[in-house]
Amino acid sequence: MSGLVLSVLIPLLPAGAAESIDETTLEKPELAPEVSAALERKQAREQELASLSRDIDVSTDRQAAIAREIRALDRDRETLNSKIISTSDTIKGLETKLTGTERRLRALGENEDAVRLSLIARRDVLAEVLAALQRIGRRPPPALAVRPSDALSAVRSAILLNAVMPELKVETEALAADLEELNRLKTVIAEEKNRLRGDAMRLAEEKSRLELLLSAKRQEHQKSVRVLEEEKERAAALAEKAGSLQELIASLEQEIESAREAAEKSRQASLDAKRQSKRNFDPFADPGRLAPAIPFEEARGQLPQPVSGTLLKDYGQDDEFGSVTEGQSIATRPGSNVTSPADGWVVYSGPFRSFGQLLILNTGDGYHVLLAGMDRIDAELGQFVLTGEPVGVMGATQWASASTFGLGSTQPILYVEFRKDGRAIDPTPWWAHTEEEKARG
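Bear in mind the structure is a predicted one, so any value in this text is a computation, not a measurement.

K.L.:
Let's hear about the nonpolar core: which residues, and what values?
P.N.:
Judged by nonpolar contacts, the single largest core of 27 residues is most densely connected at Leu303, Leu359, Leu371 and Phe418. Among the elements of the structure, strand 5 (357-364), strand 6 (367-374) and strand 10 (413-420) are those that each provide at least two residues to this core. With four residues, strand 6 is the single largest residue contributor to this core. Those residues within four positions of Leu371 in sequence are excluded, and the remaining contacts are Pro306, Val338, Thr339, Pro341, Gln357, Leu358, Leu359, Val391, Leu414, Tyr415 and Val416. Within the second largest apolar cluster, 26 residues are counted, among which are Ala242, Leu252, Phe384 and Tyr415.

Take a look at the structure:
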């Protein structure tokens, strides 16, 4: 009879179940330490996730191979721009995939903790089930075929087993289900970690490629260093005096030569675009263009967002200062690349009051696009940047500024603002839908 009971109950436990019932599962501490242990495991997972994607370096051999690839490229503007935008799109896609993998790993870790806590909460029942199985194994009921005189003992054992077997079976099945789920979660977590490592390595390689491409472009199209430094110093002085963004933009386009040239080029580009017949083409298809192919107003619904992330606060919402927000705040991954959301000329690049590192693009017809909160800006004064071209890099943590105050996030936050004739406007109508961005590739 003992063999019959064990053959019914033991197979319900999955393979490897014994390994899953570790000391953490069987010990009987107070509830508070259990919760504390779960929190410690959660913190350890968060640190592991951060290190998985942060501490990956591109090997020396791989860096050399990427450098040879860049040197072999045709160094004309069109080829470089095309490669830069393509690489930037790949980076943005990898950052989105990494964020999704990290989100899944966090959810799997929480599920694992929930199963462990369920097992701990039912450890008394687990002990009773295991003790009952052990007692049955040590003192099996007599076999009638061998000792008919023990019929009464056999009947009593049968009555007892009939009373306890259903409950034992239910508890054993529940235990088996939890242990099987625990093993499954461990397997899935291992697979997700391998996927995370692979994507993180690809991201590191693509960022290395992008740095080399941007360096090649700067070498091909670099102004006189002395003139550029003088303009930067003059722009910084104007930023110190300006009391608002509107004042800063106006003073820049009056007093800085490169900003004046940018404003004039954007005005001329708008006039040229308006003279053309009705357009039925992709305005972002030509990587060699030196001016916007269409007026900014006609780009509604076609612009890609400058970074992959989560919208924390939208345009027109109440802020912590009793007013309403004039732009959008987007939480990003640490070190994310920021791309230009539109074709335009750089009229300011540098720090400005509480905005931190600020980039202002003149996109024509009185429109300006502002990007703030970056750790580093890669665009120079007077430079024409293409839609999707990298213009900066986010830092490791949130930049404390008025535009991001009270958002409750430790992630880096990019602040995006659109302006028309000096007044902030809602950027939402200009953003492309995700499917359209993917289709454009």
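K.L.:
Tell me about the pairing of strand 4 (residues 344-351), and name the residues and values.
P.N.:
Consecutive side chains of a regular strand alternate in pointing toward one face of the sheet and then the other. Buried residues dominate strand 4, accounting for six of its eight residues. Bridge analysis of strand 4 against strand 5 gives six bridges, and the strand direction is antiparallel. Residue pairing in the sheet places Pro351 in a bridge with Gln357 of strand 5.

K.L.:
Would you mind going over the sheet that holds strand 3 (residues 337-339) in detail, with residue names and values included?
P.N.:
Strand order in the open sheet made by the three strands is 3-9-7, with antiparallel pairing throughout. The strands lining the two open edges of the sheet, one partner per strand, are strand 3 and strand 7 (376-377). As judged from the two bridges shared by strand 7 and strand 9 (residues 390-393), these two strands associate in the antiparallel manner. Note on strand 9: the bridge partner recorded for Arg376 is Val393.

K.L.:
Provide a residue-level description of the pattern of salt bridges, including the pertinent values.
P.N.:
Scanning all chains against the criterion turns up 13 salt bridges. The salt bridge involving Glu192 is made with Arg195; its shortest N-O contact spans 2.9 Å. Placement of both Glu192 and Arg195 in helix 8 (residues 151-220) is noted, with a separation of three residues, approximately one turn of the helix. Note that Asp421 is salt-bridged to Lys420, the shortest N-O span being 3.9 Å. For Asp421, a relative accessible area of 55% puts it in the exposed group. Among the charged side chains, a salt-bridge network with shared partners connects Arg104, Glu192 and Arg195.

K.L.:
Residue-level account of unusual backbone geometry, with values.
P.N.:
Within the chain, Asp365 stands out as a residue other than glycine whose phi angle is a positive 55°. Structurally, Asp365 is set in the loop between strand 5 and strand 6. One non-glycine residue, Asp421, lies in positive phi territory at about 50°. Residue placement: Asp421 occurs in the loop between strand 10 and strand 11 (423-425).

K.L.:
Give a description of the packing of aromatic side chains that names residues and reports values.
P.N.:
Applying the stated rule across the entire model yields nine aromatic pairs. Each ring, one from Phe352 and one from Phe355, has its centre 6.1 Å from the other, and the planes form 25°; the classification is stacked. A single burial state applies to Phe352 and to Phe355, both of which are buried. For the pair Phe355 and Tyr415, a centre-to-centre distance of 6.0 Å together with 50° between the ring planes defines the contact as tilted. Here Phe355, found in the loop between strand 4 and strand 5, pairs with Tyr415, found in strand 10; they are 60 residues apart in sequence, far enough to count as distant.

K.L.:
Can you explain empty space enclosed by the protein? Please cite residues and give values.
P.N.:
Following the criterion strictly, the structure yields three cavities of 30 Å³ or more and no others. Taken as a whole, the largest cavity spans an internal volume of roughly 120 Å³. Around the largest cavity sit 16 residues that line it, and Pro292, Ile294, Phe296, Ala299 and Asp343 are the ones nearest its centre. Among the elements that make up the lining of the largest cavity, the one with the highest residue count is helix 11 (residues 257-275) (three residues). Here the residues of the lining of the largest cavity are counted per class, giving 11 nonpolar, four polar and one charged.

Procedures and definitions
- Residue positions are counted from 1 within each chain, in the order its sequence is given.
- Restriction of local features to residues with pLDDT of at least 70 applies here, the model being predicted, together with a cutoff of 80 or more for giving and counting side-chain atom pairs; totals for whole chains, interfaces and linings are based on all residues.
- To obtain the side-chain values, all non-hydrogen atoms of the structure were used and water was disregarded.
- As used in this record, nonpolar core signifies buried Ala, Val, Leu, Ile, Met, Phe, Trp, Tyr and Cys residues forming a set joined through side-chain atoms within 4.5 Å.
- Burial status follows relative accessibility: with a 1.4 Å probe on protein chains alone, a residue under 20% of its type maximum counts as buried, one over 50% as exposed, and anything between as partly exposed.
- The helix count covers DSSP runs of H or I at least four residues long, the strand count covers runs of E at least two residues long, and both are numbered beginning at the N terminus.
- Any two residues having at least one pair of non-hydrogen atoms within 4.5 Å are treated as being in contact.
- By this definition, two strands are paired if DSSP reports at least two bridges between them.
- Whenever a carboxyl oxygen of Asp or Glu lies within 4 Å of a side-chain nitrogen of Lys or Arg, that contact is scored as a salt bridge.
- Ring pairs shown here join Phe, Tyr and Trp side chains whose ring centres sit within 6.5 Å, with only the six-membered ring taken for Trp; geometry is labelled stacked below 30 degrees between planes, edge-to-face above 60, and tilted in between.
- A cavity here means a set of 1 Å grid points, computed over protein atoms only, where a 1.4 Å probe fits but cannot escape. A pocket is an open set with protein on both sides within 12 Å along at least 5 of 7 lines, and lining residues have an atom within 4 Å of a point.
- Grid points are joined across faces, edges and corners, and a volume is the space filled by probe spheres set on the points.
- For this scheme, ten residues count as nonpolar: Ala, Val, Leu, Ile, Met, Phe, Trp, Tyr, Cys and Pro. Four count as charged, namely Asp, Glu, Lys and Arg, and the remainder, Gly too, count as polar.

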